[in-house]
Structure formats: structure tokens, C-alpha cells
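Architecture at a glance
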Amino acid sequence: MTSIQHHLTDALLMGYATGTLPEAFSLIVATHISLCDECRAWMGAYDALGGAVMTDTDGARMTDDSLATTLEMIARGDAGPTPKPHSGGIFPTPLQDYVGGDLDAVKWRWMGGGVSQALLKTDGGPTVRLLRIPGGTAVPDHGHRGTELTLVLQGAFRDETSRFGLGDVEVANQDMSHRPVAEDGPDCICLAATDAPLKFNAIMPRLAQPFLGI
């Protein structure tokens, strides 16, 4: 569907297949899979492998309330977002379900330097947000205290490691410090999830960090 160059890691795909990822990371995975034929095929393989393992595993004793507990989990959405084919617009269907529509439904909050964000509601733990970065604008130089997943939905950005365009995912960890810059052209729209606060190198972003939740 797109010329995606940067894909999900095996660990993320397996974590999603087994239901062990936090909701924020699951949303990134489901949204990327909706855009990426390659990762969708790998996900099918992991699902098939999981099914084979379950078939060869002895059954576990179930408690009397197992069915009720499972139904409650489904009602709460604990299974996480489901990858679905792209339905048109900028946002794939899993993300539209969280936003309540496409790009025009987003309630942006200004962060400074022309950059805006919109926090999405998840079940706690890692956070997930939409970012809108005008073309030619740089995000402040920062490192990471944990893992950050960034999925490009419109436009593109570059950093010290590579170029990331539509559908690409950058997986950043504690070993990475970078300064992403949006390419000239339309606003770069990204979906980003973090499981720990970023480590900004400049004083002003550090002062604003508690108010922005990043």
C-alpha cells in the first residue's frame, strides 16, 4: 500500500499477537499493520504459530467465573485495538476509533515552536499522542528513559538515523538521542507512544515537560 522502509520489530509483533503489549503500544502496532502488507503477513504467521502452540498444550483448569471474567475483559476492550484495512482518509480505522473520526476531529494543543499534540485516552502506563509538526520544523533534541514508538501518518521526518515517511515506524530506546526534523511540505503527522518521560537536552523543553506530559 505504501513504500514502507521501517517496520515493527519481531518483539512488538509477538507481543501484540500474545496480548502482552500495553494499550498505547498496541495502538501503534494495529495502526501500522493497517498500512503495512509485510507486517500484516508476519502477524498472521505469529497468530498461526500461537494457535498451533495452544493446540499442542494441555488444557488449563477453568474457574467457575472464567466466562464472566472473559466477557468483562472484552467489554472493557482489554484485548486492545484490532488492525483493520485502511478505510480512507489520513487515519487508519484503528486510530479513527480512538480519535472519533479523521484528522479534522483532532483537538490539538499547542506545545511551542509550531508543534501541536493531542493526547489519546488509554488504560494507563505508556502514553500515546498525535503530533503535528510543520514542514521544516525541528523537535527539540532529546534522549529516552524507555521506549518510544513513532509512526508517520502524513509527511515525513529525518533524524540522525534515517528518513521516516508514511507508514514508517521508528523504535527509539535508551541508547538513542536524536533531533527529528519534519521535511518541507505538508505538516508531519505522527502517532507516538512512550513508556517513560523523554530526556530533553535544552532547558526550556525540560521546564515545559511537566505541563506537556512528555
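Given the structure is predicted, the values throughout are model-derived calculations rather than measurements. (Residues numbered from 1 in each chain as written. Predicted model: local features only at pLDDT ≥ 70, side-chain atom pairs only at ≥ 80, totals over all residues. Heavy atoms only, no water.)

**So, the sheet that holds strand 9 (residues 181-182)**
With antiparallel pairing, the three strands of this open sheet are ordered in space as 7-6-9. Single-partner strands in this sheet number two, and they are strand 7 (163-164) and strand 9. Direction of pairing for strand 6 (residues 157-158) relative to strand 9: antiparallel, over a ladder of two bridges. By the bridge assignment, Arg-158 is partnered in strand 9 with Val-181. (Pairing = 2+ DSSP bridges. Helix = DSSP H or I, 4+ residues; strand = E, 2+ residues; numbered from the N terminus.)

**A look at helix 1 (residues 10-18)**
Among the residues of helix 1, Leu-12, Leu-13, Gly-15 and Tyr-16 are the ones counted as buried. Buried positions in helix 1, seen along its axis, are confined to an arc of 165° and lie on one side of it. In helix 1, those exposed residues whose orientation departs by more than 90 degrees from the buried face are Ala-11 and Thr-18. At the exit of helix 1 stands Gly-19, carrying a positive phi of roughly 75°. (Buried < 20%, exposed > 50% of the residue type's maximum accessible area, 1.4 Å probe, protein only. Arc of directions from axis to C-beta.)

**Points about the environment of Thr-194**
Residue position: Thr-194 is located in strand 10 (residues 188-194). Between the C-alpha atoms of Thr-194 and His-144, which are 50 residues apart in sequence, the distance is 9.0 Å. The contact partners of Thr-194, leaving out residues within four places of it in the chain, are Phe-25, Pro-126, Thr-127, Arg-129, Thr-147 and Glu-148. (Contact = heavy atoms within 4.5 Å.)

**Notes on the sheet that holds strand 1 (residues 109-112)**
Strand pairing in a sheet is mediated by backbone hydrogen bonds. Such pairs are either parallel or antiparallel. Ordered in space as 1-2-3-10-5-8, the six strands form an open sheet in which the pairing is antiparallel. Every other strand in the sheet has two partners, leaving strand 1 and strand 8 (169-172) as the edge strands with one partner each. Averaged over all pairs of adjacent strands, the angle between strand axes in this sheet comes to 25°, irrespective of strand direction. Docked against the sheet, helix 2 (residues 23-35) engages strand 2 (115-120), strand 3 (127-133), strand 5 (148-154), strand 8 and strand 10, running at close to 140° with respect to strand 10. (Axes fitted to C-alpha atoms, helices over the stretch in contact; angles between N-to-C directions.)

**So, the pattern of salt bridges**
If you walk through the whole model with that rule in mind, you get three salt bridges. For Arg-158, the salt bridge is made with Glu-183, and the minimal N-O distance between the two is 2.9 Å. With Arg-158 in strand 6 and Glu-183 in the loop between strand 9 and strand 10, this pair connects stretches of sequence that are 25 residues apart. The network of salt bridges with shared partners includes Arg-158, Arg-163 and Glu-183. (Salt bridge = Lys/Arg side-chain N within 4 Å of Asp/Glu carboxyl O.)

**Quick word on a nonpolar patch on the surface**
There is a patch of nonpolar side chains on the surface, built from Ile-203, Met-204 and Leu-207 and spanning about 320 Å² of accessible area. Following the sequence through the fold, Met-204 ends up in helix 6 (residues 203-212). With a relative accessible area of 58%, Met-204 lands in the exposed category. (Patch = residues over 30% accessible without salt bridge, like charges linked within 9 Å, V, L, I, M, F, W, Y side chains within 5 Å. Areas by Shrake-Rupley, 256 points an atom, 1.4 Å probe, with all protein chains shown as cover.)

Scope: geometric values only; no functional claims are made or implied.
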